[in-house]
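Chain and residue survey
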Amino acid sequence: MMDILNNAVLAGFIAASVRMAIPILLAAIGGMFSEKSGVLNIGLEGMMLLGCFVGFAAAYASGSLIVGVLAAILAGALLGLVLGVFAVTIGSNQVVVGIAINLLMVGVTGFFFRLFFGSGTSSPRIDNFQPIDFGPLAEIPILGPLLFQHDPLTYAALLIVVLAWIVMHRSTVGLAISAAGEHPEAAETLGLNVPRIRYLCLLAGGALAGLGGAFLSLSATGLFIDNMTSGRGYIALAMLILGRRYPFGILAAALLFGAADALQLRTQLLPWNIPLQFLLMLPYVLTIVVLAIAAGRTGAPAALGAPFRRHKSDGV
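Now for a quick tour of the structure. (Residues numbered from 1 in each chain as written. Predicted model: local features only at pLDDT ≥ 70, side-chain atom pairs only at ≥ 80, totals over all residues. Heavy atoms only, no water.)

A look at the packing of aromatic side chains
Going through the model one piece at a time under the given rule, you end up with 13 aromatic pairs. Ring centres 5.8 Å apart and planes at 40° place the aromatic pair Phe112 and Phe116 in the tilted group. Of the two residues, Phe112 and Phe116 both sit in helix H4 (residues 94–117), four residues apart, roughly one turn of that helix. Note on Phe112: relative accessible area 31%, which makes it partly exposed. What links up through ring pairs into an aromatic cluster is the set Phe53, Phe56, Tyr60, Phe111, Phe112, Phe113, Phe116, Phe117 and Phe224. (Phe/Tyr/Trp six-rings, centres within 6.5 Å; stacked < 30°, edge-to-face > 60°. Helix = DSSP H or I, 4+ residues; strand = E, 2+ residues; numbered from the N terminus. Buried < 20%, exposed > 50% of the residue type's maximum accessible area, 1.4 Å probe, protein only.)

See below:
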């Protein structure tokens, strides 16, 4: 009996770790595209929050989770476009613009949530994504909860990691993106349109961050609350650095944070006299410690955060 209980606890912990990692993973992969092209995307938090709200509102209004997912992706991409206007076209300070987007989205989502759903204390609920039924495969020890007990958005996120690796490391598109982030002037002389590349990467990054936000409202909970992302966009930036802007490295870093988050949730249920605040701090403290250890080995593109001004000759 004790063995069965221990297996059930372990299975629940593994499944929860994956679920906690997915929104951060999606946002971090989106941030990878932005940063590889040379744009520092501090606005991931705001993009996630907008995707979280728009996805929920669209799903609630339409009765379709798919519509909610598509709306969240579009909302995140729109914020990526806004960041592109300021960071790429105007050449504004990318850190300032990103923080402004984050602060603005806290107010925008809170305002429109109350406008659409009223100012009551409780949020309406929707039927969220449910795990896909894999039958006996879900009962396999360790592998079952790790691979076969998740909803469609989780599998989409894992597929996106593989696709991101193919794009960045096995295609000419990835070479063009890396060139834009490492040596934009040299890339321009080779005929690459650096601003266009950066815009496309910001659109992709915003779309993925929006999808990460949608996971919280459409998959994890089925509701929306104020500031629901709770700093996950900033954590995604940390996971991006910890994973050295490499898709599978980011996946490993996100799973590490997810495991820490799942651990603190389960520790709260134990009869230990540990203040709740210390348990809530655990994932973030772990992130800081690991980042401090990994400092200096981030692999940042040479032109990251630097505005680029095109020469008079047009690239292709």
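And the narrative resumes.
Brief notes about the pattern of salt bridges
Within the structure shown, the criterion is met by two salt bridges. Across the salt bridge formed by Arg245 and Glu35, the nearest N and O atoms sit 2.8 Å from each other. Placement of Arg245 in the loop between helix H10 (232–242) and helix H11 (247–267) and of Glu35 in helix H1 (residues 2–36) is noted, with a sequence separation of 210 residues between them. A relative accessible area of 4% places Arg245 in the buried class. (Salt bridge = Lys/Arg side-chain N within 4 Å of Asp/Glu carboxyl O.)

What to know about H10
Since the α-helix advances by 3.6 residues per turn, residues separated by three or four positions end up pointing in the same direction. Within H10, nine of the eleven residues are buried, leaving the element largely enclosed by the surrounding structure. Within the span of H10, buried status applies to Arg232, Gly233, Ile235, Ala236, Leu237, Ala238, Met239, Leu240 and Leu242. Within two residues after H10, Arg244 carries a phi angle of roughly 55°, on the positive side.

A word on unusual backbone geometry
Glycine aside, a negative phi is what most residues show, and trans is what most peptide bonds show. Of note, Asn227 is a non-glycine position whose phi angle comes to about 50°, a positive value. Mapped onto the secondary structure, Asn227 falls in the loop between helix H9 (194–221) and H10. By relative accessible area, which is 37% here, Asn227 ends up partly exposed. Unusually for a residue other than glycine, Arg245 sits at a positive phi of about 55°.

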